[in-house]
Amino acid sequence: MTQTAERYVGSSMLRKEDPALLTGRGTWVDNIVPAGTLHLAVLRSPLPHARIDRIDVTAAQAHPGVVAVLTGTDLAGEFAAGIPCGWPVTEDIRIPEHMPLATSVVSHVGDGVAVVLASDANAARDAVDLVDVEYTALPAVVDIEAAMEPGSPLAHDDLGTNHCYTWPLATGDVDAAFAEADVVVRGRYLQQRVIPSPMEPRAVVVTPDPVGGGFTVYTSTQVPHFVRDILAAICGVSDTKLRVVAPDVGGGFGAKLNVYAEEALALVLARRLGKPVKWTETRSEHHQGTTHGRGQVQRMAIAANRDGKILGMKVELLADMGAYLQLLTPGIAVFGAFTYCGLYDFGSYSFECKGVFTNLTPTDAYRGAGRSEAAYGHERIMDDLARELGMDPAQLRLRNLHPKFLEPRTVPSGVQYDSGDYESCMRRAMELVDYDALRDEQARRRDSGDPVQIGIGIGNFTESGGLSPSKVAAGVRLQSGGWEQATVRMTTSGKVEVVTGTSPHGQGHETAWSQIVADSLGVHPDDIEVLHGDTMVAPFGRDTYGSRSLPVGGVAVHLAAGKVLAKATTIAAHLLEADEKDLDFTGGRFSVAGTSGPGVTIQEVAGAASLAADLPEGMEPNLTADHAFDPPNFTWPFGTHICVTEVDTETGFTRIRRYVAVDDCGVIVNPTIVEGQLHGGIAQGIGQALYEQATFDAEGNPTAGTMASYTIPSATDLPFFELDQQVTPSLTNPMGVKGIGESGAIGSSPAVVNAVIDAVAHLGVTHVDMPATPEAVWRAIRSAGG
C-alpha cells in the first residue's frame, strides 16, 4: 500500500486546548465543590526541628463550622504506610519515616501537625490558628556542607547521621588524565534552592462512593497514575477502588510530580467521615510544604592540555535532600551524572554524589531536574578554563565538541547519546547573535572605560529526555517502568478517540497527538478527541515529566494509530476485492492503484468494522488498537543558548540585551508548541540565574516565605527570545522526535551567569553565585577591586 505524506506534523496548528482556557471555561480542582464538602486545613510547624510535647485542640473544635480536629496520633491507624521514596538510589540509602502528619517530632517549617475539617475553607483556616501546640525546640541543620562535619546537629536523631547516600560513577583513568594535564581548573558552584511556583497551586478533592466503596480523587498533579498507585499503598485502599482525575492543571514544573501528605490526608478523612474532603494550597503553604528544586554544592575539576583539549573531568556533589525523601528526591542529582560531560569529547570522567539531610523543605524534581544542574556546572567550568588558558570561550568549546554523529555514540559518562550535530548548532547561534561583532564592541567598551559593560555567555547543553527505558530505570533503582500506553479507536461515525497515558499540564498534548493521528489516518485533527488525565479512562500510563511525553507517549499514539490503519487497510482490501499491496491511501480514502473507482473512505471502513457484516474471515469488529511503547534508550535533545548582558559596574544592575537559542529536539510536530515550551523554560532559567532563591536563616526559618520576599521575573524583566531550530532525528523511536519541555530551563541559567561574569571579568571578577542580583554583582566587583 502507498500512503500520502504527512500533512499536519510539522505545522504550527493552533492549540485545541486554548479556547476553553482563555475564555474561563477550564476545570481546575478548586472549581470542584461536591455537595456536602468538608474543607481541610493543615496546621504546620513554625519550627524547623522540635519535639511535640502537647497538642490542645479544644478551642479549635469549638470554632463555628468545625466538624473535626485531628492530630497525627488520632490518624495513625488510618495509614498502612508512610509517604514512600520511589528512587532509593543505593542499597544502603537511609530513609527516614515520613508520615502524613508528624506525631512526635517535626523536621522542617511546614511539617504537618494537625488537621481541621470545617464546613467552609475560611472556618477551617481560622480554626487552625486556635490549635495550641507546645514544642521543645531541637537543634536544626541548615547548611549541607556543615551537615557533613563531625558534631553537626542531626536532622533525624534516630538515623545517627545526616549522610543519606553516596553514589559514584567513573570511566577511564581519571587520575592519569589529571596527572598528564598542562592545566587543571577547579570550581565550586552553587545551585541555590528554588520554589517551583506554578500558576495554579496544589489542590485535591476526594469524594467517597457510598455504594461501591471506592473514591474519586481530583488532584492538580502531573502524575495521576502514580497518585493512584501510591495512595493505594499509603492508605490501604485497593487500586481498583481509586479513580484519580487530573483536570486542567495550571503548571507543574516538577512540583506536581509527587504524591503529597495532603492527598493522603484528604483520602483517609473522606473515608473516615463519609463525605467529600477538599484542600487548596495557599501560597505560603506552597513555599513551606511543597517540594523545592535544586539545592546543591558542585565541586568540579577539569584537566586540559595547553591548547585547550580536555582530558578529564571530576565532579563531586553535595545534594540537599531536605528533611524527608519525597518520590524522587535522592535520584535528582544522580540523574545529572550522565550529562556533566555535556557536548564535549574527552576520555576520563568521575562523579560522586552525596545526599545530605537538612531541616528544610524536601527537595525533588524541578524543570530540567539534574540535567540543568549538570549543564550549569560544565558550562561554568568551561568559561573558567577558557580564562585560565587565555582562550575565547566559544573557540574552546568548538575545539572539544563531539563530531557530528547520526547513530548512537558513547560519551565520557558511559551512556550513549542518540544523535548530534553540535558544531553546526553552536555556529548557527554564534551567527545569529553576531558573536565576533559583540566581542569587538566589548573590547571598545572596555578600552573606553564605559561604566556599562557587555558580556557574552554561552550555554551548551544536552539532556537525557524521553525518560523511559524500563530496564535502565531498574538499573538505577527507580521503582517505575518507563513505558507509555496509548489507545486509538475510530467510532462508528468515523470520528477518532485517542486515549493517552500521558497527563499534560500545559504542553499541548491534545493538539500534538491530534496532528500525529490525523497524518496516520487521513482525518482532520478537529475530528480527533484526546482523552487523558483520568485513570478510569486511561488505566495504564506513566504520566508526564522528564521531556518524555512526545518521545514515549506521542510515539505510543503514533504506533497505535499505525495498527488501526493496518487493520483498516485489510478491511478496505476485502471490501474492494483487492490485494492490500495494490491499495493507495490518499486523503483518508483507499483506492485500488490504476483504477478509476471511487474507493472507500476510512470512515466507511470504520462503519463496516462496526457493523461486522462483511469482514475478512476471523477478524474482530471495530477499528481500535492499543500500544505500549518502551524505548531502548533516552533521547538526547541539545542546543546552544547565547545571552548578551549589559552590566552597570557602578550598581551591579544587569539587563539582558539579547538572547539567542538554537535547539535541536529532533523532528518537530508543532513549531509553535516548541517555541512556547522554550519561552517558558528560558524564563525559568533566567529566574534562577538572576532573581530566585529560597533562603533560610541560620536556624532553618524561611526568609522567603511568601511571594513578597521571593522574586519571580515578570514579562518586563525578560528580553525578546530569538529562537531557531535544527533537526537531527533520534534513532530511539520511529518518529525521530526527542522532546523540548525542559531544554530552555537547562541552557539558560549558565548562559546568563556566564554573560554576567564575562561583562566584569576584566575587573577581576571570576565568580558570582546565582542569583546574580545587583547587590551580588556589585559586591563581586568591589571585592575584586573594580
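Here the structure is shown first, and the text comes after it.
Residues numbered from 1 in each chain as written. Predicted model: local features only at pLDDT ≥ 70, side-chain atom pairs only at ≥ 80, totals over all residues. Heavy atoms only, no water.

**A word on the pairing of strand S21 (residues 496-500)**
Point 1. Of all five residues making up S21, four are buried, and the element is well covered by its neighbours.
Point 2. Bridge count for strand S20 (residues 484-490) against S21 is five bridges, and the pairing is antiparallel. Its bridge partner being in S21, Val488 is matched across the sheet by Val498.
Point 3. Following S20, the chain reverses through five residues before pairing antiparallel with S21; Gly494 in that reversal takes a positive phi of roughly 95°.
Point 4. For S21 and strand S22 (residues 528-531), the ladder comprises four bridges, and the chain directions are parallel. Bridge pairing links Val496 to Ile528 in S22.
Point 5. With helix H16 (residues 509-521) bridging S21 and its parallel neighbour S22, the resulting β-α-β unit is right-handed. (Buried < 20%, exposed > 50% of the residue type's maximum accessible area, 1.4 Å probe, protein only. Helix = DSSP H or I, 4+ residues; strand = E, 2+ residues; numbered from the N terminus. Pairing = 2+ DSSP bridges. Right-handed = clockwise from strand over helix to strand, strands pointing away.)

**Considerations on the sheet that holds strand S7 (residues 132-137)**
The pairing of strands in a sheet happens through backbone hydrogen bonds and is either parallel or antiparallel.
Point 1. One open sheet accounts for three strands, arranged S5-S3-S7; its pairing is antiparallel. Two strands bound the open sheet, and with one partner strand each, they are strand S5 (105-106) and S7.
Point 2. Pairing between strand S3 (residues 50-56) and S7: six bridges, direction antiparallel. Note on S7: the bridge partner recorded for Ile55 is Val133.

**Concerning empty space enclosed by the protein**
Point 1. Enumeration according to the criterion identifies four cavities of 30 Å³ or more in this entry.
Point 2. Estimated volume of the largest cavity: approximately 180 Å³.
Point 3. If you trace the largest cavity, you find 21 residues lining it, with His98, His108, Ala261, Glu262 and Gly289 closest to the centre.
Point 4. Contributions of two or more residues to the lining of the largest cavity are made by strand S2 (38-44) and helix H8 (261-273).
Point 5. Sort the elements by how many residues they give to the lining of the largest cavity and H8 lands first, with three residues.
Point 6. Residues that form the lining of the largest cavity fall into these classes: eight nonpolar, nine polar and four charged.
Point 7. In this structure, the second largest cavity encloses a volume near 60 Å³.
Point 8. Counting only elements with at least two residues in the lining of the second largest cavity, the list comes to strand S14 (293-304), strand S15 (310-322) and helix H10 (329-335).
Point 9. Here the lining of the second largest cavity is composed, by residue class, of four nonpolar, four polar and four charged. (1 Å grid on protein atoms, 1.4 Å probe; cavity = no way out; pocket = protein on both sides within 12 Å on 5 of 7 lines; lining within 4 Å. Points joined across faces, edges and corners; volume = space filled by probe spheres on them. Nonpolar A, V, L, I, M, F, W, Y, C, P; charged D, E, K, R; others polar.)

**Looking at the nonpolar core**
Point 1. Ranked by size, the top nonpolar core spans 154 residues in total, and within it Tyr165 and Phe351 carry the most contacts.
Point 2. Residues Ala512, Ile516, Val564 and Leu565 belong to the second largest nonpolar core, which totals 45 residues. (Core = buried A, V, L, I, M, F, W, Y, C linked by side-chain atoms within 4.5 Å.)

**Quick notes on the packing of H16 against helix H17 (residues 549-575)**
Relative orientation and spacing of two packed helices are given, respectively, by the angle between their axes and the distance between those axes.
Point 1. Where H16 contacts H17, the axes come no closer than 9 Å and their chain directions differ by 30°. Classed by the angle they form, the pair H16 and H17 counts as roughly parallel. The way H16 lies across H17 gives a crossing that is right-handed. Residue-level contacts link His509, Trp513, Ile516, Val517, Ser520 and Leu521 of H16 to Ser549, Leu550, Gly553, Gly554, Val557, His558, Ala561, Val564 and Leu565 of H17.
Point 2. Its residues assigned to classes, the contact of H16 with H17 comprises nine nonpolar, six polar and no charged. (Axes fitted to C-alpha atoms, helices over the stretch in contact; angles between N-to-C directions. Parallel < 35°, antiparallel > 145°, perpendicular 65-115°, else oblique. Left-handed = near helix turned anticlockwise from the far one by under 90°. Contact = heavy atoms within 4.5 Å.)

**Things to note about the sheet that holds strand S26 (residues 623-629)**
Point 1. Within the open sheet, the four strands sit side by side as S22-S21-S20-S26. Their pairing is mixed. Both outer strands of the open sheet, S22 and S26, are each paired with one neighbouring strand and no more. Pairs of neighbouring strands in the sheet enclose a mean axial angle of 15°, with direction left out of account.
Point 2. Contacts from H16 reach S20, S21 and S22 within the one sheet, and its direction differs from that of S22 by about 135°.
Point 3. Where H17 meets the sheet, its contacts fall on S20, S21 and S26, and the angle it forms with S26 comes to roughly 145°.

**Things to note about the packing of aromatic side chains**
Point 1. Applying the stated criterion to the full structure yields twelve aromatic pairs.
Point 2. When the ring of Phe226 is compared with that of Tyr545, the centres are 5.8 Å apart and the planes differ by 40°; the resulting orientation is tilted. Linking Phe226 in helix H7 (residues 224-235) with Tyr545 in the loop between S22 and H17, this pair joins segments that are 319 residues apart in sequence.
Point 3. For Phe226, a relative accessible area of 10% translates into the label buried.
Point 4. Given the relative accessible area of 12%, Tyr545 is considered buried.
Point 5. An aromatic cluster of three or more residues is present, and its members are Trp87, Phe335, Tyr417, Phe634 and Trp636.
Point 6. Looking at Arg202, its charged tip hangs above the ring of Tyr260, at a distance of 3.7 Å from the centre.
Point 7. We note Lys314 situated over the ring of Phe178; from NZ or CZ to the ring centre the distance is 4.5 Å. (Phe/Tyr/Trp six-rings, centres within 6.5 Å; stacked < 30°, edge-to-face > 60°. Lys NZ or Arg CZ within 6 Å of the ring centre and 35° of its normal.)

**A few points about helix H20 (residues 743-760)**
Point 1. The end-to-end C-alpha distance of H20, which contains 18 residues, comes to 27 Å, matching closely the 26 Å that a straight helix rising 1.5 Å per residue would cover.
Point 2. Summarising burial for H20: 18 of the 18 residues are buried, a large majority. (Expected span 1.5 Å × (residues − 1).)

**Overview of the pairing of S14**
Point 1. With eleven of its twelve residues buried, S14 lies for the most part within the structure.
Point 2. Of the pairings in the sheet, the one linking strand S9 (residues 183-194) to S14 comprises eleven bridges and is antiparallel in character. From the neighbouring strand, Val185 faces S14, where its bridge partner is Ile302.
Point 3. One ladder, built from nine bridges, connects S14 with S15; its direction is antiparallel. The partner of Gln296 across the bridge, within S15, is Ala319.
Point 4. In textbook terms, the turn of a hairpin is the stretch between consecutive antiparallel strands, and for S14 and S15 this stretch comprises five residues, one of which, Gly308, has a positive phi near 95°.

**What to know about the packing of helix H19 (residues 671-690) against H20**
Point 1. Put simply, H19 and H20 touch, their axes get as near as 7 Å, and they point 40° apart. Taken as axis vectors, H19 and H20 run oblique relative to one another. Crossing of H19 over H20 shows right-handed handedness. Residues Leu678, Gly681, Ile682, Gly685, Ile686, Ala689 and Leu690 of H19 touch H20, and the partners they reach there are Ser743, Gly744, Ala745, Ser748, Ser749, Val752, Val753 and Val756.
Point 2. A breakdown of the residues in the contact of H19 with H20 according to their chemical character gives nine nonpolar, six polar and no charged.

**A closer look at the side chain of Arg367**
Point 1. Inspection of the secondary structure assignment puts Arg367 in the loop between strand S16 (348-357) and helix H11 (371-389).
Point 2. No salt bridge is formed by the buried Arg367, whose closest oppositely charged neighbour, Glu742, lies at an N-O distance of 6.6 Å.
Point 3. Engagement of the side chain of Arg367 in a polar contact is seen with the side chain of Gln684, the distance being 2.7 Å.
Point 4. A distance of 2.8 Å separates the side chain of Arg367 from the backbone oxygen of Gly741, its partner in a polar contact.
Point 5. Among all residues touching Arg367, those that are not within four sequence positions of it are Phe253, Arg294, Ser372, Gln677, Gly680, Gly681, Gln684, Gly741, Glu742 and Ala745. (Lys, Arg positive; Asp, Glu negative; His and termini not counted. Salt bridge = Lys/Arg side-chain N within 4 Å of Asp/Glu carboxyl O. Polar contact = N/O pair within 3.5 Å; in protein donor to acceptor, adjacent residues only side chain to side chain.)

**What about unusual backbone geometry?**
Point 1. Met770 connects to Pro771 through a cis peptide bond whose omega is -5°.
Point 2. Counting through the fold element by element, Pro771 comes out in the loop between H20 and helix H21 (774-783).
Point 3. At Arg477, a residue that is not glycine, the phi angle is positive and equals roughly 70°.
Point 4. Considering the arrangement of structural elements, one finds Arg477 in the loop between helix H15 (470-475) and S20.
Point 5. The class of Arg477 is partly exposed, set by a relative accessible area of 32%.
Point 6. Backbone geometry places Asp543, a non-glycine residue, at a positive phi of 75°.
Point 7. Of note, Asp543 is situated in the loop between S22 and H17.
Point 8. Asp543 sits in the buried class, given a relative accessible area of 0%.

Remember, this is a structural readout, not a statement about activity or role.
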